[in-house]
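This is what each chain is made of:
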Amino acid sequence: MSAALHYPSYYPSYFSIEDILATNEKVPCKFEKTACDLGFLDPSGGSKDLEVGTKLELPCWLARALASRRQIVSCQLPKTFRERYREILKADAALVDLHTLSPHFYELGQHLLPLAGPEGTTLGLLLVETLRERLRSIMDTSLNTTEDDAGTRQSKLDQLERSLFLTGRKTFRDHQLWLSRRAHIVTTSYMVTQHNKRKFSEVS
Amino acid sequence: MLSEKALELIKELDRSKDGKLPAFNEDIIRKVLEEMNTLFQQNQRDVGEAAAGEIRYFPSIHLRHAALDRNKRCLLAYLYNRLERIRAMRWEFGSILPADIRANLCEPETQWFNRYNKNLASYMRSLGEAGGLDLTQDTKPPKNLYVEVRCLRDYGEWEVEEGDTVVLQKDTTHYLPLAACHHLIRQGVLEQVE
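Residues numbered from 1 in each chain as written. Chains lettered and ligands numbered in written order. Predicted model: local features only at pLDDT ≥ 70, side-chain atom pairs only at ≥ 80, totals over all residues. Heavy atoms only, no water.

Asks: Report on the interface of chain B and chain A, specifying residues and quantitative values.
Replies: Listed as interface residues are 52 residues of chain B and, on the opposing side, 45 residues of chain A. On the surface where chain B and chain A come into contact, there are 1 salt bridge. With a closest N to O distance of 2.8 Å, Asp-19 of chain A and Arg-73 of chain B form a salt bridge. Linking chain B to chain A there are 14 residue pairs in polar contact (both at pLDDT 80 or more). Elements that contribute at least two residues to the side of chain B that touches chain A include exactly helix H1 (4-15), helix H3 (58-93), helix H4 (99-102), helix H6 (178-186) and strand E5 (190-193) of chain B. When residues in the side of chain B that touches chain A are grouped by element, the largest group, 22 residues, is from H3 of chain B. (Contact = heavy atoms within 4.5 Å. Salt bridge = Lys/Arg side-chain N within 4 Å of Asp/Glu carboxyl O. Polar contact = N/O pair within 3.5 Å; in protein donor to acceptor, adjacent residues only side chain to side chain. Helix = DSSP H or I, 4+ residues; strand = E, 2+ residues; numbered from the N terminus.)

Asks: I'd love a proper account of the UniProt feature "domain: GINS subunit" (unreviewed entry) in chain B, names of residues and values included.
Replies: In the numbering used here, UniProt assigns the "domain: GINS subunit" (unreviewed entry) feature to residues 33-127 of chain B. Structurally, residues 33-127 of chain B is divided into 83% helix and 0% strand, and its ends, taken at the C-alpha atoms, are 44 Å apart. (UniProt positions renumbered as here; feature names shortened; annotations may be inferred.)

Asks: Outline the sheet that holds strand E3 (residues 73-75) of chain A, listing residues and values.
Replies: Residue and element names in this part refer to chain A. Strands sit in the order E2-E1-E3 across an open sheet of 3 strands; the sheet is antiparallel. Where the open sheet ends on each side, the last strands, each with one partner, are strand E2 (55-59) and E3. For this sheet, the mean angle separating the axes of adjacent strands, direction not counted, is 45°. As defined by bridge partners, strand E1 (residues 26-31) adjoins E2 across 5 bridges and the pair is classed as antiparallel. (Pairing = 2+ DSSP bridges. Axes fitted to C-alpha atoms, helices over the stretch in contact; angles between N-to-C directions.)

Next up, the structure:
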C-alpha cells in the first residue's frame, strides 16, 4: 500500500515534525525590553534579568513570538540568508551544499519572512529562485541515477528537495514495474521487510 | 534554552522512520511537564504582579507563554505522530504487531490499537452483502485467482480455506488461491513467483 508519496510540510501543520525541526533553527536577536528574571537564558550574562540590548541567539519559534506584537526583541537574519550567502546562491545555486548550509532552507526561509522587514522581498525571491535553479537537476538525477549514487546525490539537498527527490525515484520505479508488467505482483509489505532486516542484524 | 527537552522527543521520532517505533519516552515527557509546570507557576505569579500595574513583567510573561505553547505543540505532535505510525502498522503488519514493537507501546496506545482493530474489523464486516469485505486484501488488482508462491521460511502446517492443509517448508513452491495466501505474502512468509 502506498500512502501519500511524501509528506510536504510547506503547508505547515501543527503536528508536522519537519516544521517543528525547522522552527528550531537559531536566529540572532537583540532584546529591546528588559525581561525580568530570565537572565539564565544568557549563559554569559550572569545577571538576574535580561537587560535591554542583550544579544542572544533564539530559536525561530521564540523569535517570532517575541518580535511580532510587542516587539520585545528585534531580529536579524541568520547568516545563511544574509547578503554574502545570497550572492553565493545567486552565482550558482545548483552547486551549493544546502544540507550543510541549512537542512531546512526553504522551510526556515518562509518562517523568517515576517522577521526580515525591508529585506522580505529579496528573501522571498531568493527562495523561489534557488529552488527554480536547483529543481531541474534534482528531477534529472532522481530519474537517472543508480541506487548507489542516489545516496551521495541526496546528501547535498535540503529536506524539501530530498522529499521531492525520493518521490521522483519512487514514481520512476513504479513506472518501470508497470512497463515490465509486474505491477500486480504482491510483495512483502515495506515495514515487514525493514523489521525483518533489523531482526536478522540483531541475531548476527 | 527552554523547550529543549521537548525537542528531544521530536528528534527521536525523526531519527526512527520507516516502521520503527521508539519506546514511549515517559521520562522525558515527565521532565517536559515539570518544565511547563514551573513556567506556568512563574507566569501566574508575574501575571498577578502585572495586573497590579507592574508593566515591566510583560516581556517575561510573553516569553514564558511562547515556551509553554511550544512545549505543548511538541508533546501533542509526539503523541499524534506515534498514533499515525501505529495506525499505519495495522495495515502493514496485520492485526497482531511483532512483540518488540508491542513492547514499545505505552498502555493507552495499546488500548487505542485494540480499539482501532475492533473498529476496522466491524467496519469491514458491515461492507457489502455477503458478510463483509476485507479491505486489507487485494491492495493491487489481481490478475489470477491462483498464484504460484515460494516459501521463504519454515512456517509449518497451514490450512487453506476448503479444509486442505499444506506444509509450508522453506524453499518449496505451491499453487494457492491468492485470497487465502495474500496476508502470508505481505508478512514475508511467502513470495509470489511470476
